[in-house]
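# Examination of the molecular architecture
Listed here are the chains, written in short residue letters.
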Amino acid sequence: MPVLDPNPQNGQRKMLLVFGTFFAIFVIIAVIATIASP
C-alpha cells in the first residue's frame, strides 16, 4: 500500500483518527500541566 494513495478508501477516517489522537495527546498534556502547576 503506497504512502501517497491518490484515491484512498479510508482517507477521511484515517485523518479523523490522526487528528483525534493529536487532540487526545494535547488534552493529556494540558491536564498534566494543570495538575503539576502549583
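I will try to describe carefully the structure that is included in this document. (Residues numbered from 1 in each chain as written. Predicted model: local features only at pLDDT ≥ 70, side-chain atom pairs only at ≥ 80, totals over all residues. Heavy atoms only, no water.)

Take the overall build of the protein next. A tally of helices and strands in the protein yields one helix and zero strands. In the protein, which comprises 38 residues, the proportion classed as buried is 0%. Accessible surface for the protein amounts to roughly 4,000 Å². Of this, 75% is attributable to carbon and sulfur atoms. (Helix = DSSP H or I, 4+ residues; strand = E, 2+ residues; numbered from the N terminus. Buried < 20%, exposed > 50% of the residue type's maximum accessible area, 1.4 Å probe, protein only. Areas by Shrake-Rupley, 256 points an atom, 1.4 Å probe, with all protein chains shown as cover.)

All right, on to a nonpolar patch on the surface then. The grouping of Phe-23, Phe-26, Val-27, Val-31 and Ile-35 at the surface amounts to a nonpolar patch, some 540 Å² of accessible area in total. Following the sequence through the fold, Phe-26 ends up in helix H1 (residues 11-36). (Patch = residues over 30% accessible without salt bridge, like charges linked within 9 Å, V, L, I, M, F, W, Y side chains within 5 Å. Salt bridge = Lys/Arg side-chain N within 4 Å of Asp/Glu carboxyl O.)

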